[in-house]
Amino acid sequence: MARPEFIIAPSILSANFARLGEEVSNVIAAGADLIVEDKVLVELKSVERTLPAHSKQVLTYLRLTGLKLGYLLNFGESLMKDGITRIVTGNLNDSD
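Cut-offs used in this document
- Residues numbered from 1 in each chain as written.
- Predicted model: local features only at pLDDT ≥ 70, side-chain atom pairs only at ≥ 80, totals over all residues.
- Heavy atoms only, no water.
- Helix = DSSP H or I, 4+ residues; strand = E, 2+ residues; numbered from the N terminus.
- Buried < 20%, exposed > 50% of the residue type's maximum accessible area, 1.4 Å probe, protein only.
- Contact = heavy atoms within 4.5 Å.
- Areas by Shrake-Rupley, 256 points an atom, 1.4 Å probe, with all protein chains shown as cover.
- Pairing = 2+ DSSP bridges.
- Axes fitted to C-alpha atoms, helices over the stretch in contact; angles between N-to-C directions.

Glancing now at the overall build of the chain. Broken down by element type, the chain carries 2 helices and 4 strands. Scored against the burial criterion, the 96 residues of the chain give a buried share of 22%. Contacts in the chain between residues far apart in sequence, at least 24 positions, make up 47% of those at least 6 positions apart. Surface summary for the chain: the accessible area is close to 7,000 Å², and the carbon and sulfur share equals 55%.

Quick look at the structure:
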């Protein structure tokens, strides 16, 4: 299976280019579809219905990246609002 190409678009104002290679490696290693502002992980699906395995996949990505907030977005639902699952690990107010 060919590895997908990644498009990285960091904000110029907040980018830490000294760590950009490390950040890209973390995203690729975790297998996540998107990581936004080093805070939110987004996993994209297009299936008729999400399964518990999809949520577990997001939890695994959160654990591997050290992030606490993730979204599972399923574009296969008839209404997009029904395809959004918010997944939180730990306390979002913790600074570590």
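From this point, things continue past the structure.
Across the sheet, 4 strands lie side by side as β1-β2-β3-β4; this open sheet has mixed pairing. Where the open sheet ends on each side, the last strands, each with one partner, are β1 (34-36) and β4 (84-88). Strand after strand, the sheet turns through a mean of 20 degrees between neighbouring axes, direction not considered. Running over the sheet, helix α2 (residues 52-65) touches β1, β2 (40-45), β3 (69-74) and β4 and is turned about 150 degrees from β2.

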